Amino acid sequence: MEDRDRVNRLGSEGSGECEGPKALEDVLKRLKEIVGERYVATDPETLYIYSNCMINDAGFLPDVVVLPGGVDDVQAVVRLCNDEKVGLTPFISGSSPDVLSRPRDGGIIMDLKRMDKILEVNERNWYALVEPGVTLGQLKAYLEKNHPGFIYAYPYKPPSTSVMAEALSGGVSNLSHRHGAMSEWINAMEVILPTGEIVRTGSASITGHWLRHSPFSELAGLFIALQGSSGVCTKIAVQLWPGMALEKKKFILTCEFPEAYAIMRECALCKGFDDVAMVSSILMKGALAGSGKTNLELSPGEPAAYIIIVFSGRDSAEIMGKDGVLKRIIRRHRRQGVEMIDVADLRAINPGFASVVDLPSRMEFILNQGRGMPAYLSALGPSQNWEKATAAGMAICEKHGFTALVISRAMKGMHSAALSFMIPLKKDHEPERERLSACLAELTGVLLDLGFIPRNAGRESLRKIIERADPEWINLLGKIKGALDPNGIMSSISFGNPQGYDDA
Amino acid sequence: MMLEFSEIAELASKCALCGACRWVFDLYKPACPSGEFYQFESYFPWGRLILGKALVEGKAQFASESVLEKLYTCTTCGNCGAQCGLSHSGSILDVIEALRAEAVKRGQVFPAHERMLRSLNENNNTYDEKSAARSHWTRNIKVKKLPEQKARVLYFAGCTSALDPLAQPLARATARLLSGIGVDMGVLGRTEVCCGSPALRIGDRDTFFRLAKTNIEMLNKTGVQTIITSCPECLKTFRYDYPEGLKPEVLHISEFLDRLLWHDMVSFTREVHLTATYHDPCYLGRHSGVYEAPRRILSRIPGVVLREMSRIKENAFCCGAGGGVSRAFPDMARHTARERLCEAEATGVSHLITACPSCYKQFAQAIKETRSPLKLMDIVQIAGQAI
């Protein structure tokens, strides 16, 4: 921990090895030599703008922002940071809504957006090799134009979100019902370690192919879902999926969440559907209500849940077959007394629904409800507690004065259940932020009680998770982190620190 | 109603920082010229909104060249507003203009813009030319001089077409075209004054309102029914930015021609054999909603084959000229024009057509510098050839 304690602001007194204005000047000079003068910014406005991001944590201020142009630049900057014990925060494709770029106060932000090439799309082995700055939207457009037989997935995130960020943070998408979290689709990676070495994972560590298999332990896990970063990923091969000629979306509106989950479980058992998801009606009302509505309420008798079932096929016969299976499920539940409405196309009822239904979306239905990106807690857990976790989570949000928007998804069949709470709020309203902190902490506690583990935890949630975790597991993670990053330059959770953060 | 500085924070707070403003939504190609050039988030629209809020809240100060650079590298193309799906999308440029107005109020102006504003106040044009020079383009052209003579239509050339040697051929082509099709048309000549758009975009609202008042009085006095301009900035300013009181209808030349074609009052009889792509000027397209008129004109000219670029209409990438950028940040303006030129070249056509003297100037320079095989024409030039 001694070394880690020395990592601090550039040029500040008593901050360790990189002390004083002379040191700052020297580091800046070397950064400019590495990436070029025009790609180094120290003006207060740029630093301030980078200190704002979509995630729940804010308030850090870097000393420098650099824009490397390639792997050599990244490696040289990382080595410089390690030599000088300067904190380094990777930043991908603008403001990333996930906690990949966990900010810290001071140090260098390395914005990787200049590295935005799609290096390879391999149709024989179904993968795309991309640089950090490639966005979900960019990959979609590229595949549609050049490889129309293949698709990638879309989470409920803006299309400007980085493919790499979503994969490394274990994003949940419209194909997660079939294929699991997006981190499970990582074939291989190229990573620059905090000490400057370049390593590759998966088959890329042995051969020139970017496949998932590896003869020894799969090391990709060292860099995935770390609630921060343990290296700078410069290339990632993500799995693609064949797109079907025809696709159909069906919507089932039910009055209660338990009824919705029962239907979703049965749909998951059929194995034939591409997506089995549910969004709360409040979220759908948001799609129609327009801007500025932060406290939407359901009228008596309104459905509580919108189930979204997506299925695809090579021809109409396959589509009709799957449609028939779904109709039988609906009939069976109706016979059991469940009140529901099934709709072929919500967009026909109101075009406003398109922003929820058609992915990728600009996310107006969420982003217009508060002021900016809502607070967001996404967790994976056992499906038998889905109903309890949903009800408890909504009750906690309500208790703290928030209306939660709920998104659920059956993951990789029904191997686990995804449950997300989005909480629209006025981010710049201090009392609301305080209420939010209390709400997220309580929400995390209850979710953990029910077996749901948040994957994009904020400060409050992380503390709760670490409190509950097996100490030996935490120790092991701490040792791994210490081995990878002996000088503690990368921003990430500090496993040896009960406060949860390096800089907490 | 123009947005006031104090109202910025409320609007900026609505930004989700999602970055949707940086990309053309369906194509995922760059949307913001300054962001593409500088790459730092502080040069993208969401960064400017955050900066605006910080300026209002006193967390950033106007008296800093780097703050001004962020504010004045925006070309005011409006592509961010077209891509952002949120409730404040229509107000992003209002925020930029309000921030610039506050900067000017505090005496923070770039030297290049200071020269423009001084010229506007001394000469009523942005080119540092005496008023007499404004009629030089009409030499050797027979046109009525308003308001001494009377006509049904006034051709308002605008500063660039009237005074910039690169764009003067467009003013002459427009006048010849209108005369050629028998329009009862006149010009103001040396008495024409700037529409005020450059002052408004840079943030000098006092100068803008002075010019607007002068224009409203003078243009109403001419007694014309219609004002035609070949400059989209003049069009947008007359139509959307002026306070009430301007009596004649204001049309862009492409709208006027399109109307005549619709009513069969004019037809293209000569074949013009070329392949072309059309660049939507930001102030004609996104700002004024005129996308189809120029395309309909091109489609009616025998022999013209139109091949579209990928970013068109509301998604069109800027040429880099707007918002005072070409004067204060010529490197960025040139880079932006070259990027758009590359997109035009990729269509494989022989000609790039536009409908704006500022875009014309930008592309003329870019074509020369890059030795592009593309030939450049304004919509009035090709229409003139076809009649």
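Refer to the preceding data block for the structure.
These lines cover the structure that appears in this document, whether it is placed above or below. All figures in this text were calculated on a predicted structure; none of them were measured in a lab.

### With respect to the overall build of chain B
Item 1. Helix and strand counts for chain B come out as 18 helices and nine strands.
Item 2. The C-alpha radius of gyration computed for chain B amounts to 20 Å, which stays within 12% of the reference 21 Å derived for 387 residues, consistent with globular compactness.
Item 3. With 387 residues in all, chain B has 66% of them scored as buried.
Item 4. Looking at chain B alone, contacts between residues at least 24 apart form 76% of all its contacts between residues at least 6 apart.
Item 5. With an accessible surface of roughly 14300 Å², chain B has 48% of that area assigned to carbon and sulfur atoms.

### Quick notes on helix H7 (residues 111–123) of chain B
Residues and elements named next belong to chain B.
Item 1. In a regular helix each residue adds 1.5 Å, so 13 residues correspond to 18 Å; H7 covers 18 Å between its end C-alpha atoms and thus fits that length.
Item 2. When H7 is considered as a whole, its buried residues turn out to be Ala112, His113, Met116, Leu117, Ser119, Leu120 and Asn123. Around the axis of H7, the buried residues are gathered within 160° of arc, so they sit on the same side. H7 presents Pro111 and Glu122 as exposed residues on the side facing more than 90 degrees away from its buried surface.
Item 3. Tucked inside the fold, the buried residues of H7 contact helix H4 (65–72), helix H10 (197–202), helix H11 (205–222) and helix H15 (325–328).
Item 4. At the exit of H7 stands asparagine 124, carrying a positive phi of roughly 60°.

### A word on the packing of aromatic side chains
All names here are of chain B.
Item 1. Going through the model one piece at a time under the given rule, you end up with 18 aromatic pairs over all chains.
Item 2. Summarising the aromatic geometry, the rings of phenylalanine 110 and phenylalanine 329 are spaced 5.3 Å apart at their centres and angled 80° between planes, so their arrangement reads as edge-to-face. Of this pair, phenylalanine 110 sits in the loop between helix H6 (92–105) and H7 while phenylalanine 329 is found in the loop between H15 and helix H16 (330–345), placing the two residues 219 residues apart along the sequence. Judged on exposure class, the residue phenylalanine 110 and its partner phenylalanine 329 are both buried.
Item 3. Taken together, Phe156, Phe208, Phe209, Phe238 and Tyr242 form an aromatic cluster joined through their ring pairs.
Item 4. One cation-aromatic arrangement involves arginine 311 over phenylalanine 317; the distance from NZ or CZ to the ring centre is 4.3 Å.
Item 5. The ring of tyrosine 127 carries the charged tip of arginine 327 above its face, separated from the ring centre by 5.0 Å.

### Here's the deal with the packing of helix H14 (residues 386–399) of chain A against helix H15 (residues 430–449) of chain A
Residue and element names in this part refer to chain A.
Item 1. The contact between H14 and H15 brings their axes to 10 Å, and the two run at 160°. Considered as vectors, H14 and H15 are oriented roughly antiparallel to each other. In terms of crossing hand, the pair formed by H14 and H15 is right-handed. Two secondary-structure elements touch here, H14 through Ala389, Ala392, Gly393, Ile396, Cys397 and Lys399 and H15 through Cys439, Glu442, Leu443, Val446 and Leu447.
Item 2. For the contact of H14 with H15, a count of residues per class yields eight nonpolar, one polar and two charged.

### Observations regarding the pattern of salt bridges
Item 1. Counted under the stated rule, the structure contains 57 salt bridges over all chains.
Item 2. Ionic contacts of the salt-bridge type, sharing partners, join the residues A:Glu247, A:Lys249, A:Asp345, A:Arg347 and A:Asp358 into one network.

### Observations concerning the environment of A:Arg38
Item 1. Inspection of the secondary structure assignment puts A:Arg38 in the loop between helix H2 (20–35) and strand S1 (40–41).
Item 2. Given the relative accessible area of 42%, A:Arg38 is considered partly exposed.
Item 3. It is 9.2 Å that separates the C-alpha atoms of A:Arg38 and A:Val66, two residues lying 28 residues apart in sequence.
Item 4. Among residues more than four places away in sequence, those in contact with A:Arg38 are B:Phe37, B:Tyr38 and B:Phe40.
Item 5. Within polar-contact distance, the side chain of A:Arg38 engages the backbone oxygen of B:Phe37 at 2.4 Å.

### Description of the sheet that holds strand S2 (residues 153–156) of chain B
Residues and elements named next belong to chain B.
Item 1. Pairing is parallel across the open sheet formed by five strands, whose spatial order is S1-S3-S2-S4-S5. This sheet does not close on itself; its edge strands, each paired only once, are strand S1 (144–145) and strand S5 (249–252).
Item 2. The pairing of S1 with strand S3 (residues 185–187) spans two bridges and is parallel. Among the inter-strand pairings, lysine 145 is bridged to a residue of S3, identified as valine 187.
Item 3. Across the face of the sheet, helix H9 (residues 168–180) comes into contact with S2, S3 and strand S4 (226–229) while running at roughly 165° to S2.
Item 4. In this fold helix H13 (residues 253–262) packs onto S4 and S5, with an angle of close to 95° to the strand it touches most, S5.

### Quick look at unusual backbone geometry
Residue and element names in this part refer to chain B.
Item 1. Cis geometry marks the peptide bond from leucine 146 to proline 147; its omega dihedral reads 5°.
Item 2. A positive phi is found at aspartate 264, a non-glycine position, where the angle reads about 55°.
Item 3. With respect to the helices and strands, aspartate 264 occurs in the loop between H13 and strand S6 (274–278).
Item 4. A residue is classified by how much of its surface remains accessible, and aspartate 264, at 63% relative accessible area, is exposed.

### Quick notes on the packing of H15(A) against helix H16 (residues 459–468) of chain A
Residue and element names in this part refer to chain A.
Item 1. It is the contact of H15 with H16, at a shortest axis distance of 8 Å, that shows an interaxial angle of 30°. The two elements H15 and H16 meet at a crossing, and its hand is right-handed. Residue-level inspection shows Ser437, Leu440, Ala441, Thr444, Gly445, Leu448 and Asp449 of H15 in contact with H16, the latter providing Glu460, Ser461, Lys464, Ile465 and Arg468.
Item 2. Partitioned by chemical class, the residues of the contact of H15 with H16 number four nonpolar, four polar and four charged.

### Notes on the interface of chain A and chain B
Item 1. The interface is formed by 40 residues belonging to chain A together with 38 residues belonging to chain B.
Item 2. Summing both sides of the interface, chain A and chain B together bury roughly 3200 Å²; the carbon and sulfur share of this comes to 62%.
Item 3. The largest per-residue losses of area from chain A upon contact with chain B belong to A:Glu45, A:Ile49 and A:Arg362, which jointly make up 22% of the total buried on that side.
Item 4. Inspection of the region where chain A meets chain B yields three salt bridges.
Item 5. We note a salt bridge from B:Glu41 to A:Lys113, for which the minimum N-O separation is 2.7 Å.
Item 6. Joining chain A to chain B, the criterion identifies eight residue pairs in polar contact (both at pLDDT 80 or more).

What counts and how
- Residues numbered from 1 in each chain as written.
- Chains lettered and ligands numbered in written order.
- Predicted model: local features only at pLDDT ≥ 70, side-chain atom pairs only at ≥ 80, totals over all residues.
- Heavy atoms only, no water.
- Helix = DSSP H or I, 4+ residues; strand = E, 2+ residues; numbered from the N terminus.
- Rg over C-alpha atoms; globule rule 2.2 N^0.38 Å.
- Buried < 20%, exposed > 50% of the residue type's maximum accessible area, 1.4 Å probe, protein only.
- Contact = heavy atoms within 4.5 Å.
- Areas by Shrake-Rupley, 256 points an atom, 1.4 Å probe, with all protein chains shown as cover.
- Expected span 1.5 Å × (residues − 1).
- Arc of directions from axis to C-beta.
- Phe/Tyr/Trp six-rings, centres within 6.5 Å; stacked < 30°, edge-to-face > 60°.
- Lys NZ or Arg CZ within 6 Å of the ring centre and 35° of its normal.
- Axes fitted to C-alpha atoms, helices over the stretch in contact; angles between N-to-C directions.
- Parallel < 35°, antiparallel > 145°, perpendicular 65-115°, else oblique.
- Left-handed = near helix turned anticlockwise from the far one by under 90°.
- Nonpolar A, V, L, I, M, F, W, Y, C, P; charged D, E, K, R; others polar.
- Salt bridge = Lys/Arg side-chain N within 4 Å of Asp/Glu carboxyl O.
- Polar contact = N/O pair within 3.5 Å; in protein donor to acceptor, adjacent residues only side chain to side chain.
- Pairing = 2+ DSSP bridges.
- Buried area = accessible area lost by both parts, 1.4 Å probe.

The analysis is restricted to geometry; functional conclusions fall outside its scope.
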